[in-house]
Amino acid sequence: MDLNQQFEKAVAETITDEQLIPSITIDAEMDLKDISYSFYNILKQFEPFGPGNMTPLFVSRNLTDYGSRLLNDKHVKFSIKNAENHKATGIGFDMKHHYETTKSKKIDMVYSLEENDWQGNKTIEWRIRDIKKSAE
C-alpha cells in the first residue's frame, strides 16, 4: 500500500461525520444600523488580513430581500433589509443557488465588509460568505 492509500485509510478510520461538515467562524453578530463608515474605518485598523489575522466575519439575522438581482447568471447582487428597514447591499460570488430561496423567506447572512468604489461613489458593501434560512 502506498503512502496516499495509507493516508486515506487512516483518515477514513478516524474522521467523524461532524468533521465533514464545513464550518464558518463568526466574529460578531451585527445589526444593520451599526454598520457605518465609522465602524468600517476602525475595522480597517486591524489590517492587513491574511493567515493568522483573518478577515472578520459577521452575521446578521432575520433579513429580507428587497430587490436582489443575478449578475452574469452566476453571481448575486443582494439587496437586503431588516425589520427596522435598515438596508445593505452585498455581492455573493457563485451564489446563484441562493437567489430564488432568499426571495420568499427570512434569512441569516454571513459576510465580511468591503469598500465599493463605483464611479467615485464609495459605499460599504457586504461580501457574502454564506446564507441560511433564519430560525423561526
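Residues numbered from 1 in each chain as written. Predicted model: local features only at pLDDT ≥ 70, side-chain atom pairs only at ≥ 80, totals over all residues. Heavy atoms only, no water.

(A) Spatial organisation of the confidence of the model for the chain. Across the chain, the average pLDDT comes to 90, with 99% of residues at 70 or higher. Put simply, helix α1 (residues 3-14) is where the chain has its lowest mean pLDDT, 86, and strand β1 (residues 28-29) is where it has its highest, 96. (pLDDT = per-residue confidence, 0-100. Helix = DSSP H or I, 4+ residues; strand = E, 2+ residues; numbered from the N terminus.)

(B) Structural context of the packing of aromatic side chains. By the definition in use, this model includes four aromatic pairs. Judged by centre distance (6.1 Å) and plane angle (85°), the ring pair of Y37 and Y40 falls under edge-to-face. In this pair, Y37 and Y40 both sit in helix α2 (residues 37-44), three residues apart, roughly one turn of the helix. Classification of Y40 by relative accessible area gives buried; the value is 7%. (Phe/Tyr/Trp six-rings, centres within 6.5 Å; stacked < 30°, edge-to-face > 60°. Buried < 20%, exposed > 50% of the residue type's maximum accessible area, 1.4 Å probe, protein only.)

(C) Spotlight on the environment of K87. Tracing the backbone shows K87 in strand β5 (residues 87-92). The class of K87 is partly exposed, set by a relative accessible area of 48%. C-alpha separation for the pair K87 and F58, spaced 29 residues apart in sequence, amounts to 16 Å. Discounting residues that sit within four places of it in the chain, K87 has contacts with L32, Y66, I80 and K81. (Contact = heavy atoms within 4.5 Å.)

(D) Representation of the pattern of salt bridges within the structure. This structure, assessed with the given rule, holds eight salt bridges. Where R61 meets E29, a salt bridge forms, and the shortest distance between an N and an O atom there is 3.2 Å. Separated by 32 residues along the polypeptide, R61 in strand β2 (residues 58-65) and E29 in strand β1 bring together distant segments of the chain. According to the relative accessible area criterion, E29 is exposed, its value standing at 54%. With a shortest N-O distance of 2.3 Å, E125 and K77 are connected by a salt bridge. Linking E125 in strand β7 (residues 121-133) with K77 in strand β4 (residues 75-81), this pair joins segments that are 48 residues apart in sequence. Within the structure, one salt-bridge network assembled from shared partners comprises E29, R61 and D108. (Salt bridge = Lys/Arg side-chain N within 4 Å of Asp/Glu carboxyl O.)

(E) Representation of the pairing of β4 in the model. With respect to burial, β4 is a largely interior element, six of its seven residues being buried. Here strand β3 (residues 69-71) runs beside β4; their pairing, made up of three bridges, is antiparallel. The residue bridging L71 from the neighbouring strand is H75, located in β4. Following β3, the chain reverses through three residues before pairing antiparallel with β4; N72 in that reversal takes a positive phi of roughly 55°. The pairing of β4 with β5 spans six bridges and is classified as antiparallel. When the sheet's bridge partners are listed, K77 is paired in β5 with I91. Count of turn residues in the β4/β5 antiparallel hairpin: five residues, of which N85 carries a positive phi of about 70°. (Pairing = 2+ DSSP bridges.)

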